[in-house]
Amino acid sequence: MLSAKDIVVGYHRGRPVLDHVDLDLRPGTTLGLAGPSGCGKSTVAKVLSLLLEPWSGQVTLDGETVPGFRQRAPREQRTAVGVVFQQPRLATDPRWTLDDIIRGPLHACRRPDDGIVDDLTHAVGLTPDLLRRRPHEVSDGQLQRACLARALVLRPRYLICDEMTAMVDASTTALLVHLVRDRVTTDGIGVLAISHDDTLLDAWADSVIHWP
Ligand SMILES: Nc1ncnc2c1ncn2[C@@H]1O[C@H](COP(=O)(O)OP(=O)(O)OP(=O)(O)O)[C@@H](O)[C@H]1O
């Protein structure tokens, strides 16, 4: 289980965005998180993906307390949590091809490609022609497909989807959500699906919590 326990964190001293927040993400389930703009959904996403260090409280990953965040998190813990953000153009290097983007985590961790890149590019519907292009040569939806493949390439045990489908059309939304749901049922990953779209979350998640 990926858990946030009694988390307090914000961006300005004395003004916490999350004030004693608890959240549990169980393997093999999809938890939806809904709430108005600014209530702290992306902030909890950053804490759970080990990118933002809380002022107080703990994150535990399968029973182990996370001892540090960002580069201070142990690699084994960092790679156990994948994340997909809302805006793929802010989350990718414009100089890299889509193929480089998807393989990036494998290179960073010096892990071999055992066929997972082919599996994922097929699953997200990216053709060899698209894989050779750079971000400015593809649509937001095509780039977000690459970002989801990148998030899954290290076979994380948990996946945080922070407004993953906010910038893509209905058919890409259906494809991305279907793929993530498939990983929940076949691989047993735990997913946090953050969205302001209640209809989407009702269809996607096993349960939904509403903030505040
Ligand atoms: N890097 C930052 N620096 C300063 N303040 C920030 C930063 N990121 C977020 N905030 C503030 O923290 C609060 C919570 O933001 P957060 O992005 O977590 O909300 P959200 O629920 O995800 O909103 P949205 O649905 O609009 O994405 C907001 O008031 C926001 O302005």
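The rules behind the values
Residues numbered from 1 in each chain as written. Predicted model: local features only at pLDDT ≥ 70, side-chain atom pairs only at ≥ 80, totals over all residues. Heavy atoms only, no water. Core = buried A, V, L, I, M, F, W, Y, C linked by side-chain atoms within 4.5 Å. Buried < 20%, exposed > 50% of the residue type's maximum accessible area, 1.4 Å probe, protein only. Helix = DSSP H or I, 4+ residues; strand = E, 2+ residues; numbered from the N terminus. Contact = heavy atoms within 4.5 Å. UniProt positions renumbered as here; feature names shortened; annotations may be inferred. Salt bridge = Lys/Arg side-chain N within 4 Å of Asp/Glu carboxyl O. Axes fitted to C-alpha atoms, helices over the stretch in contact; angles between N-to-C directions. Parallel < 35°, antiparallel > 145°, perpendicular 65-115°, else oblique. Pairing = 2+ DSSP bridges.

## Digging into the nonpolar core
Core analysis: the biggest nonpolar cluster contains 39 residues, and Leu 148, Leu 159 and Trp 204 have the highest contact counts within it. Looking at this core, the elements with two or more residues in it are α3 (98-108), α4 (116-124), α5 (128-131), α6 (140-152), β7 (158-162), α7 (170-187), β8 (190-194) and α8 (198-204). With seven residues, the single largest contributor to this core is α6. Leu 159 has contacts with Gly 82, Val 83, Val 84, Leu 148, Ala 151, Leu 152, Val 180, Ile 189, Gly 190, Val 191 and Leu 192, leaving out every residue within four places of it along the chain. Within the second largest apolar cluster, 29 residues are counted, among which are Val 9, Val 21, Leu 50 and Ile 194.

## Some words on unusual backbone geometry
Following Trp 211, the chain continues to Pro 212 via a peptide bond in cis, the omega torsion being 0 degrees. Relative to the helices and strands, Pro 212 is located in the segment after β9 (207-210). The phi torsion at Asp 6 lies on the positive side, around 55 degrees, for a residue other than glycine. With respect to the helices, strands and loops of the structure, Asp 6 is situated in strand β1 (residues 2-12). You will see that Arg 110, though not glycine, has its phi angle at about 50 degrees, which is positive. Along the chain, Arg 110 falls in the loop between α3 and α4. Judged by its relative accessible area of 73%, Arg 110 is exposed.

## Let's talk about α3
Buried residues of α3: Leu 98, Ile 101, Ile 102, Gly 104, Pro 105 and Leu 106, and no others. Contacts from the buried residues of α3 go to α4, α5 and α6. Positive phi appears at Arg 110, one or two residues downstream of α3, with a value of about 50 degrees.

## Re the UniProt feature "domain: ABC transporter" (unreviewed entry) in the protein chain
In the numbering adopted here, UniProt assigns the feature "domain: ABC transporter" (unreviewed entry) to residues 2-212. Here residues 2-212 runs as 35% helix and 25% strand, with 21 Å between its end C-alpha atoms.

## Overview of the pattern of salt bridges
Scanning the entire structure with this criterion turns up nine salt bridges. A salt bridge links Arg 103 to Asp 113, with the nearest nitrogen and oxygen atoms 3.1 Å apart. With Arg 103 in helix α3 and Asp 113 in the loop between α3 and α4, the pair connects residues that are 10 residues apart, well separated along the chain. Judged by relative accessible area, Arg 103 falls into the partly exposed class, the value being 24%. Note that Arg 155 is salt-bridged to Asp 114, the shortest N-O span being 3.1 Å.

## Some remarks on the packing of α4 against α7
A pair of packed helices is characterised by two quantities: the angle between their axes and the separation of those axes. Where α4 contacts α7, the two axes come as close as 9 Å, and the packing angle between them is 135 degrees. By the angle class used here, α4 and α7 are oblique. Across from Leu 120, Ala 123 and Val 124 in α4, the residues of α7 making contact are Leu 175, Leu 179 and Arg 183.

## Some details on the sheet that holds strand β6 (residues 81-84)
Read across the sheet, five strands follow the order β6-β7-β8-β3-β9 without closing on themselves; strand pairing throughout is parallel. Single-partner strands in this sheet number two, and they are β6 and β9. Strand-to-strand twist of the sheet, defined as the mean angle between neighbouring strand axes without regard to direction, takes the value 15 degrees. Summarising the sheet, β7 and β8 pair through five bridges and their orientation is parallel. For Ile 160, the partnering residue across the bridge sits in β8 and is Leu 192. With respect to the sheet, helix α1 (residues 41-48) is in contact with β3 (30-34), β6, β7 and β8, its orientation differing from that of β7 by roughly 155 degrees. Strands β6 and β7 of the sheet are contacted by α6, whose axis makes an angle of about 170 degrees with β6.

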